[in-house]
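# Residue-level structure breakdown
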Amino acid sequence: MLNYLQYRRHYLWQKPDIVVAVPLHPKRYQQRGFNQSDLLARPLARWIACQYWPNAIRCTKLTTTQHTLDRASRQRNLGQVYDVTVSLSGKHIALVDDVVTTGATAREIVRLLQQQQVASVQVWCLCRTL
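As the structure is a computational prediction, the values presented were derived from the model and not from experiment.

## Observations regarding the pattern of salt bridges
- For the structure shown, the criterion picks out three salt bridges.
- The shortest N-O distance in the salt bridge between Arg58 and Asp83 comes to 2.9 Å. Placement of the pair is Arg58 in strand E3 (residues 57-59) and Asp83 in strand E4 (residues 82-84), with a sequence separation of 25 residues.
- Residue Arg58 is classed as partly exposed on the basis of its relative accessible area, which comes to 45%.
- Among the residues examined, Asp83 registers a relative accessible area of 28% and is labelled partly exposed.
- One salt bridge in this structure joins Arg111 and Glu108, with 2.7 Å as the shortest N-O distance.

Dropping the structure here:
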C-alpha cells in the first residue's frame, strides 16, 4: 500500500470513490467460505477512507477456475460472467483482485465498468504473475 501512496502522490492518481472486489460465484463462495479479494478490499477501503461496495459486481456464471487454464482459455472462459448491479457512472473505482495472471478477469470487469461510464478504474492486486 505504501507504493500506492507514493505513486498517487507522484502521478496525481485520483483517490477512488468506491472500492469493489472481484466477486466469486455463490457456489464457489459456499465451497470456500470466503472471497480472498473481499478480504483484501474491506480493510483497504477503510484504510484509504473510501466506500466499499461488496455487491456492486456479481458473478452470474460458474466457470472453470482460471488458474487451471492457459492464456487463450482464460480469455474465452469469462464471456458474460460478471454483472454490474448498481450505477457507477462518473465514479472513480478501485477494483481489487488477489492475483492477476493474464489480466483476463480484470479486463472483463473493467470493460463492464467502462460501459457504465465510470470516470476511472484502477486495478489493485496483491500478487501479479508473469
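## As for helix H3 (residues 36-47)
- With 12 residues, H3 should cover 16 Å at 1.5 Å per step; its first-to-last C-alpha distance of 17 Å lies within 8% of that length.
- Of all the positions in H3, only Ser37, Asp38, Ala41 and Ala45 are classed as buried. Angular distribution of buried residues about the axis of H3 spans 90°; they occupy a single face of the element. Those residues of H3 that are exposed and aimed more than 90 degrees away from the buried face are Leu39 and Arg46.
- Packing partners of the buried residues in H3 comprise strand E1 (18-21), strand E2 (51-52) and strand E5 (92-100).
- Where H3 begins, the capping side chain belongs to Asn35, and its oxygen is found 2.9 Å from the backbone nitrogen of Ser37.
- Downstream of H3 by a residue or two, Ala49 has a phi angle that is positive, lying close to 60°.

## Re helix H5 (residues 104-115)
- With 12 residues, H5 ought to run about 16 Å at 1.5 Å a step, and its terminal C-alpha atoms sit 17 Å apart, in line with that.
- All of the buried residues in H5 are Ala104, Thr105, Ala106, Glu108, Ile109, Val110, Leu112 and Leu113.

## What about the environment of Val121?
- In this structure, Val121 sits in strand E6 (residues 120-128).
- We classify Val121 as partly exposed; its relative accessible area is 24%.
- Note: C-alpha distance between Val121 and Ile93 (28 residues apart in sequence) is 4.8 Å.
- Setting aside anything within four residues of it in sequence, one finds Val121 in contact with Ile93, Leu95, Val110 and Leu113.

Here is what the cut-offs are and how they apply
Residues numbered from 1 in each chain as written. Predicted model: local features only at pLDDT ≥ 70, side-chain atom pairs only at ≥ 80, totals over all residues. Heavy atoms only, no water. Salt bridge = Lys/Arg side-chain N within 4 Å of Asp/Glu carboxyl O. Helix = DSSP H or I, 4+ residues; strand = E, 2+ residues; numbered from the N terminus. Buried < 20%, exposed > 50% of the residue type's maximum accessible area, 1.4 Å probe, protein only. Expected span 1.5 Å × (residues − 1). Arc of directions from axis to C-beta. Contact = heavy atoms within 4.5 Å. Polar contact = N/O pair within 3.5 Å; in protein donor to acceptor, adjacent residues only side chain to side chain.

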